[in-house]
Amino acid sequence: MTDFDSIWRTQDEIRTVVNAVLGECIWNLIYNERRMAIELEITKCLEEEDADALINQFPVPADYDGVGSKGTKFVFYM
């Protein structure tokens, strides 16, 4: 069973970090039930060191997930 309350709280924490570090640049922030992960795509393409620095700011473990249609993507496994 998926704990949507926990997912929503985690998404809020992710949104807070992105807005504090990069400004409002979230293109997509969704829960992918098939992957059992939260997926984030921002509207900026970050260099590797900038992506790593952002990952270190998140309250939950994150991985770089490539470049999407608008910018850098991250994944947070629940």
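Below or above, wherever it landed, is the structure these notes cover.

Definitions and cut-offs
- Residues numbered from 1 in each chain as written.
- Predicted model: local features only at pLDDT ≥ 70, side-chain atom pairs only at ≥ 80, totals over all residues.
- Heavy atoms only, no water.
- Buried < 20%, exposed > 50% of the residue type's maximum accessible area, 1.4 Å probe, protein only.
- Helix = DSSP H or I, 4+ residues; strand = E, 2+ residues; numbered from the N terminus.
- Arc of directions from axis to C-beta.
- Contact = heavy atoms within 4.5 Å.
- Pairing = 2+ DSSP bridges.
- Polar contact = N/O pair within 3.5 Å; in protein donor to acceptor, adjacent residues only side chain to side chain.

### Some words on helix H2 (residues 48-55)
What H2 keeps buried is the set Ala51, Leu54 and Ile55. Summarising the axial view, the buried residues of H2 lie within an arc of 100°, below the 170-degree limit, and thus occupy one face. The inward-facing, buried residues of H2 abut helix H1 (4-22), strand E3 (63-67) and strand E4 (72-77).

### A short note on the pairing of E4
Alignment of strand E2 (residues 37-42) against E4, held across five bridges, turns out to be antiparallel. Bridge pairing in E4 links Ala37 to Tyr77. Strand direction decides the pairing type here: E3 and E4, joined by four bridges, are antiparallel. Opposite Val67, over in E4, you have Thr72 as the bridge partner. Where E3 folds back onto E4 in an antiparallel hairpin, the turn is made up of four residues.

### A word on the side chain of Glu39
In this fold, Glu39 is placed in strand E2. Overall, the relative accessible area of 15% leaves Glu39 in the buried class. One polar contact links Glu39 to Asn32, side chain to side chain, over a distance of 3.0 Å. For Glu39, the contacting residues outside a window of four places in its chain are Asn28, Leu29, Ile30, Asn32, Phe74 and Val75.

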